[in-house]
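# Coordinate inspection notes
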Amino acid sequence: MTSIVYLSSLGTSITVCFIPMPVGAKIGILVLLLLVQMCASLWYTLSYIPYGRATAQRMLRSVMAMDGE
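The present account deals with the structure reproduced in this document. (Residues numbered from 1 in each chain as written. Predicted model: local features only at pLDDT ≥ 70, side-chain atom pairs only at ≥ 80, totals over all residues. Heavy atoms only, no water.)

This part is about unusual backbone geometry. Not every positive phi belongs to a glycine, and Y51 is a case in point at roughly 60 degrees. Of note, Y51 is situated in the loop between α2 (23-46) and α3 (52-64). (Helix = DSSP H or I, 4+ residues; strand = E, 2+ residues; numbered from the N terminus.)

A separate point is the side chain of K26. Within the element layout of this structure, K26 appears in helix α2. Overall, the relative accessible area of 19% leaves K26 in the buried class. A distance of 3.2 Å separates a polar side-chain atom of K26 from the backbone oxygen of C17. Not counting residues up to four positions away in its chain, the partners in contact with K26 are V16, C17, I19 and M21. (Buried < 20%, exposed > 50% of the residue type's maximum accessible area, 1.4 Å probe, protein only. Polar contact = N/O pair within 3.5 Å; in protein donor to acceptor, adjacent residues only side chain to side chain. Contact = heavy atoms within 4.5 Å.)

Running from N to C, α2 and α3 cross one another at 125 degrees; their axes reach a closest spacing of 7 Å. For the element pair α2 / α3, the angle class is oblique. For the pair α2 and α3, contact is made by W43, Y44 and L46 and by G52, R53, A56 and Q57, respectively. When the residues that make up the contact of α2 with α3 are grouped by side-chain class, the tally is 4 nonpolar, 2 polar and 1 charged. (Axes fitted to C-alpha atoms, helices over the stretch in contact; angles between N-to-C directions. Parallel < 35°, antiparallel > 145°, perpendicular 65-115°, else oblique. Nonpolar A, V, L, I, M, F, W, Y, C, P; charged D, E, K, R; others polar.)

The geometry of helix α1 (residues 2-18) relative to α2 is characterised by a closest axis approach of 9 Å and an angle of 160 degrees between their N-to-C directions. What the angle tells us is that α1 and α2 run roughly antiparallel. Between α1 and α2 the crossing geometry is left-handed. For the pair α1 and α2, contact is made by T2, V5, Y6, S9, L10, T12, S13, V16 and C17 and by K26, I29, L30, L33, V36, Q37, A40, W43 and Y44, respectively. Split by residue class, the contact of α1 with α2 holds 12 nonpolar, 5 polar and 1 charged. (Left-handed = near helix turned anticlockwise from the far one by under 90°.)

Our next topic: the side chain of S9. Here S9 is to be found in helix α1. For S9, a relative accessible area of 4% gives the class buried. Contacts of S9, omitting those with residues within four sequence positions, involve L33, V36 and Q37.

Structure representation (structure tokens):
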């Protein structure tokens, strides 16, 4: 699943580069797609670390659950 997300965002990035549209919109879309690619790459890398994905999920849950403490 992660590789599908990565490859589809990569292909979409290349496609957006060649579509005529305003520069500001193009840059915004490309930055969003770049963030998706980075997240997918990080998630894929975590799969090679024992309990890497589980640890990352626990860390994200604890950060999101903080109520200003």
